[in-house]
Amino acid sequence: MRAGFLQFSPLFGEVKQNVDKAVSIISSQHADLIVLPELFSTGYQFISKKEAADLTEPVPSGYTTQRLITVSKDKNCYIVAGIAERNGDALFNSAVLTGPEGFIGVYRKIHLFYEETQWFLPGDAGLRVWETPIGNIGIMICFDWFFPEAARTLALKGADIIAHPANLVLPYCPDAMVTRCIENRVFAVTANRTGSEMRRDKEELKFIGMSEIVTPKGRILTRAGSEEEKCTVVEITVEEARNKNINQYNNIFDDRQKDFYYS
Ligand code: ACM
């Protein structure tokens, strides 16, 4: 199957423009799965809870999810995209999964980074994997990578591919995801953004790009530069993620020594 990411620099608060751009690029691709960055339709650096609330949308009835459903159906393509979600009074940093069949599900980021803690609630729906005709898709968002338990949980729940929308500012993740893939024998598609934001008197946040697709054996199939806007799609074989044997004696799940682990 063909999996890819769209790396670009969303304009803060310009939801329609950001969605138009993503939809137009997705429409020009031939892909089974495309992953978009975290908060791709709103931008990242909110300055108040009210501003965040005003930019959030209900899922799946909101504008952004509806546009993604339409392009998923038109292109026969699964999409994982980071959006700002409102559910009643609760705001979440979420990612929706849409496909040819329409809306499939939403993941709400559980490990909030820095000032996200001021606007969003930590996800209340756990880490989830969706079985689809193109493979089992698990979702985590950006800083979730810092907690190996997140990727491990998705792998134990049967994920073949971890779709990983991101707005990375620290430098570690692109290399660290190689380890996440090796230790869980899964594919990962990290879709990061580029550009920078410096709203009002806040410090500048510079996003590192370097979106990538990594195999279960830790091979980086493709990695974008730190500044370019780019949509890359590559061929992957999801079955490679289903063999958890390292050799005839070692299986990464069966060999876990859970009695000795601290939780
Ligand atoms: C992040 O979680 N956006 C760094």
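Scope of this entry: the structure provided in the associated data block. A quick note: this is a predicted structure, and the numbers were derived from the prediction, not measured.

On the basis of which strands lie adjacent, the open sheet formed by six strands has the order β6-β7-β8-β9-β12-β13 and mixed pairing. Two strands bound the open sheet, and with one partner strand each, they are β6 (129–132) and β13 (220–223). Strand-to-strand, the axes of this sheet are offset by a mean angle of 15°, without reference to chain direction. By the bridge criterion, three bridges tie strand β7 (residues 135–139) to strand β8 (residues 161–165) in an arrangement that is parallel. Note on β8: the bridge partner recorded for Gly 138 is Ile 162.

Let us now look at helix α1 (residues 15–27). An α-helical segment advances 3.6 residues per turn. Residues three or four places apart therefore align on the same side. For α1, with 13 residues, the first-to-last C-alpha span of 18 Å sits near the 18 Å given by 1.5 Å per residue. Inspection of α1 places Val 15, Asn 18, Val 19, Ala 22, Val 23 and Ile 26 among the buried residues, and these make up the whole buried set. In a view along the axis of α1, the buried residues occupy a sector of 125°, so they form one face of it. Considering only its buried residues, α1 is in contact with β1 (2–7), β2 (33–35), α2 (49–55), α3 (63–75) and β3 (78–87).

Moving on, we come to the state of the cysteines. This model, assessed by the stated rule, comprises zero disulfides. Note on Cys 231: no disulfide assigned, nearest cysteine sulfur contributed by Cys 77 at a separation of 8.9 Å.

Turning our eyes to something else, we now look at the pairing of β6. Only one face of β6 is covered, namely the one carrying Trp 130 and Thr 132; the face carrying Val 129 and Glu 131 has none of its residues buried. Between β6 and β7, which pair antiparallel in sequence order, lie two residues.

As a further point, take the sheet that holds strand β4 (residues 90–99). Strand order in the open sheet formed by six strands is β5-β4-β3-β2-β1-β14, with mixed pairing between adjacent strands. Two strands bound the open sheet, and with one partner strand each, they are β5 (102–108) and β14 (230–235). Sheet twist, expressed as the mean angle between neighbouring strand axes with direction ignored, is 30°. For β2 and β3, the ladder comprises three bridges, and the chain directions are parallel. Across the sheet, the residue bridging to Val 35 is Val 80, located in β3. Lying over the sheet, α3 contacts β3, β4 and β5, oriented at roughly 10° with respect to β4.

We now examine the environment of Ile 110. Secondary-structure assignment places Ile 110 in the loop between β5 and α4 (116–119). Ile 110 sits in the partly exposed class, given a relative accessible area of 25%. Excluding anything up to four places from it in sequence, Ile 110 contacts Pro 122, Gly 123, Leu 127 and Asp 144.

Cut-offs and rules
- Residues numbered from 1 in each chain as written.
- Predicted model: local features only at pLDDT ≥ 70, side-chain atom pairs only at ≥ 80, totals over all residues.
- Heavy atoms only, no water.
- Pairing = 2+ DSSP bridges.
- Helix = DSSP H or I, 4+ residues; strand = E, 2+ residues; numbered from the N terminus.
- Axes fitted to C-alpha atoms, helices over the stretch in contact; angles between N-to-C directions.
- Expected span 1.5 Å × (residues − 1).
- Buried < 20%, exposed > 50% of the residue type's maximum accessible area, 1.4 Å probe, protein only.
- Arc of directions from axis to C-beta.
- Contact = heavy atoms within 4.5 Å.
- Disulfide = S-S within 2.5 Å.

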